[in-house]
Every structure is written in structure tokens, then in C-alpha cells.
Amino acid sequence: MTTRARTKTVSWSQANARRLDRQFLSGGPSPAGRPAPDVTGAVAAMLGAHAQVLSAAEHSVGLRAPGTTRTDVRAALWARRSLVKTFGPRGTVHLLPADELPMWTGALSAVPAGGSPFPKDARMTPEQVEAVVAAVADALTGAELTVDELSDEVVARTGPWAGDLVMPAFQGMWPRWRQVLHLAGHRGALCYAPNRGRKATYTNPGAVPMPAQEATAALVRRYLRAYGPATPVHFAQWLAAPRGWAGRLFDELAGAGAIEEVAFEGTGAAWVAAGDTRFPSGAPHGVRLLPYFDAFAIASRPRERLFAGAAYARALAGGQAGNFPVLLVDGAVAGVWHQRRSGKRIAVTVEPLSPLDAARTRELEEQVERLGEVLEGTPELTVGEVTVGGHA
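Criteria and cut-off values
Residues numbered from 1 in each chain as written. Predicted model: local features only at pLDDT ≥ 70, side-chain atom pairs only at ≥ 80, totals over all residues. Heavy atoms only, no water. Helix = DSSP H or I, 4+ residues; strand = E, 2+ residues; numbered from the N terminus. Rg over C-alpha atoms; globule rule 2.2 N^0.38 Å. Buried < 20%, exposed > 50% of the residue type's maximum accessible area, 1.4 Å probe, protein only. Areas by Shrake-Rupley, 256 points an atom, 1.4 Å probe, with all protein chains shown as cover. Lys, Arg positive; Asp, Glu negative; His and termini not counted. Charge placed at Lys NZ, Arg CZ, Asp CG, Glu CD. Pairing = 2+ DSSP bridges. Contact = heavy atoms within 4.5 Å. Axes fitted to C-alpha atoms, helices over the stretch in contact; angles between N-to-C directions.

A. Main features of the overall build of the protein. Helix and strand counts for the protein stand at 15 helices and 16 strands. Scaling as 2.2 N^0.38, a compact globule of 392 residues should have a C-alpha radius of gyration of about 21 Å, and the protein matches this with 22 Å. Across its three principal directions, the C-alpha atoms of the protein cover 70 × 65 × 40 Å. Expressed as a percentage of the 392 residues in the protein, the buried residues total 51%. As displayed, the protein has an accessible area near 17,700 Å², and 52% of this comes from carbon and sulfur atoms. Computing the positive centroid from 41 side-chain charges and the negative centroid from 36, the protein places the two 2 Å apart.

Below you can see the structure in the form of C-alpha cells.
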């Protein structure tokens, strides 16, 4: 008679504590005795720093890499080129480690495309998509071009159809080819280069994507080590991928012994990387200020456990994490905050959902000082009224 191995049970507190440890956000000893990360290591640990607002990405990195300032992040990005600014998970702008770009481009380009959100007369055929991606890669090889310069090069290499002004934009219309800009990033044909004045520029990073099967397997294992236990649905939500595709991917990896099942409190069956079943025994502790779209707030699931009670209504925008910078107390969202910069002065206003005791207030003051160090400014803290509704 064969006895089935007992499935490990993981509590929310255990999972949350481990995620914080592996994000270098716990404030305790580094996980598994690892030293605190440098800029690139911090970005790797969080699986990319959301960088639509670069100062938010700089803050996210500085939280995890002691002593880091925004100048250090920018040096890694534009001088040392150990980071790349490109289109990452969910098609949004991220900072990614340059040496991990083959994995990212291999995995992101393997995600099946959904239906086109554009009107029928604006859409592109599969052949046109491939022609544009190839044109982008060719035009940007050894060059740094603004989007208008890149547009001229793409149209010259493909045809007038690519330049048809059919895409609604902020003030006017964009050319047809712009709808695959993020896809060119996912394919490894495009990334950001340093700004030219106030204009963004793009270049070809020269990274060869890893084979799709190898890349997706590597990304799932990395994701589970950072944010597990997790389900295929959690992974699909984080990546903005079809749920069916994610489910099949997890089935394949489970069959190959690359991931293993655990019982996760409030979720049921969930997954961790094979052999990665050790969790902290202590509950999370400490105060943190997470900026817009911090990776921990985005990827931690189930979301209603991280944003418990009043935090779900106050700190989420229609269930979407990241639109509000959040106050994290003992591993749970406990308020929102915002900042306003004028020269070197950074006015920081924190709105907790319940009053902070003296010890937590001291920790908050330390976090505000750290924010000033990262962003190279002089912070001033105001603790606002305890709020449940309204806007920051």
C-alpha cells in the first residue's frame, strides 16, 4: 500500500513573513544569511521594479538596498547598464536586471496575446506585427532614437500603413505601429535609452531571448520563490497572462517535479518551487512606506489578506493595487501616504487607518528619513487624520 505524502500547510502569516524576508523588507536578518543586496540584486529580488514613475522605482530599490540613493539607481541604469528600463510584467514599464533580460524576453514573448482592444480598422495582421517588430529591432541596433525618429524608420522599413494615424492618443492620434511598442520590448527588440532633453529615447538591448519553455519555467520558479505559495491564477494576474495558459504551465512544471503543492490558508492548494518549503515561524514586524506600484503590494496574494478590512476600500482603486502608496505595519496595509517635493524639501503626509503607538511612530519617522536619503532630499513628516474614505 502506497501512502501519499502529507501536504505541508502554510499559514498566511508564514507566507507573508517569508515574502517580506525575500523582498528584504522585514527589517530582520537577511534571508538565509544572505547579505543585503546592491541595486541590481534588489531589483532581482522583487522581480522587477515598476518604473512608470522613476522616483517610485528608486524608492522601491532604496528600501531593499541599504545606503542606496536615486543617483545609485540611475548610475546602474544609464552608466553601468546593469539595469534595463523596458516593458515588463503586465506590459508596464519596469527596471529589470540586464543579465536577466534573456529570461524575461523569452518568457514575456511566450505569453499568448489576447484579443486586440483596438477598432477593426486600426488592427494589425500577424504578418504586420512581425514586420514592425523586425523593423524596430533593425532601426534601434546601435542607435538611440526618439519615438518620432523611430516612427519614421519603421514606416520606411515596412510601408505607409504602419504610419496611419489610427490609434487614439492623449492629444491626437498615434501611428498604427505604436500598438506593438510594448511587444517589441517583450521580444527584446527595444528598451529605453537615456532621455534626450525631455524626450525619451529607445535602443536595442541586444539580448537574445531564452527559449520559451526554459524561460517560462525559470520565471515561474523565481516568482514562487519570491511570492509563493501561489496558484496559477495568482501568477496569471501578476503577469497579465491567460489563466488557462498559466494553468497548463503549472501542470507541466508539477509533472516535471519543478514545483510542489502545499495547502495555503484561505486559498487551498497552492504551489512553491520544489524543495522550497521552509517558512519563518515568527509573524511579520515593522513599519514600511511602500511607493506607487511597489512589487510587494502588487504581487502578494490573496490581496484581501494584505489589504485587510478598511484597507481594502481605502488603499485599493477598484481592487487594483499600486495606485496609492501604502503604509505597511507588521506586514499588513495600515494606511496610505503621499509626498510633495519642492526643491530639496519633501513634504510627507501619512494617513494611518488607526492611531500609531509611540514605537510605531518612531519606526515611521525612520522610514521617512530613509525616504529622504534615497530621494536625496530633506523630508518633513505630517501624520494626517485617521481616514477610511476619501482620496490621498
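B. View of the sheet that holds strand 8 (residues 191-196). Across the sheet, three strands lie side by side as 5-9-8; this open sheet has antiparallel pairing. What marks the edges here is a single partner per strand, and that holds for strand 5 (145-146) and strand 8. For strand 5 and strand 9 (residues 199-203), the ladder comprises two bridges, and the chain directions are antiparallel. Note on strand 9: the bridge partner recorded for T146 is T201.

C. Structural context of the environment of T378. Within the element layout of this structure, T378 appears in strand 16 (residues 378-383). Judged by relative accessible area, which is 47%, T378 ranks as partly exposed. As a C-alpha pair, T378 and R341 span 37 residues in sequence and 9.3 Å in three-dimensional space. If near-sequence neighbours (up to four positions away) are discounted, T378 is found in contact with K344, R345 and I346.

D. Local environment of the sheet that holds strand 4 (residues 93-97). Ordered by their spatial adjacency, three strands build an open sheet running 2-4-3, and the pairing between neighbours is antiparallel. The open sheet is flanked by strand 2 (49-50) and strand 3 (83-87), the only strands paired with a single partner. Against the sheet, helix 4 (residues 70-79) contacts strand 3 and strand 4, and its axis sits at roughly 80° relative to strand 3.

E. Molecular detail of unusual backbone geometry. For the bond running from G228 to P229, omega is 0°, close enough to zero to count as cis. Note that P229 resides in the loop between helix 9 (212-227) and helix 10 (232-239). The peptide bond linking R301 to P302 adopts the cis configuration, its omega dihedral lying at 0°. Examined against the element boundaries, P302 turns out to sit in the loop between helix 12 (295-299) and helix 13 (303-306). Of note in this structure, R81 is not a glycine but carries a positive phi near 60°. Topologically, R81 is positioned in the loop between helix 4 and strand 3. With a relative accessible area of 40%, R81 lands in the partly exposed category. The backbone of R90 sits at a positive phi, close to 65°, despite the residue not being glycine. As for its position among the elements, R90 is in the loop between strand 3 and strand 4. Residue R90 is classed as partly exposed on the basis of its relative accessible area, which comes to 26%.

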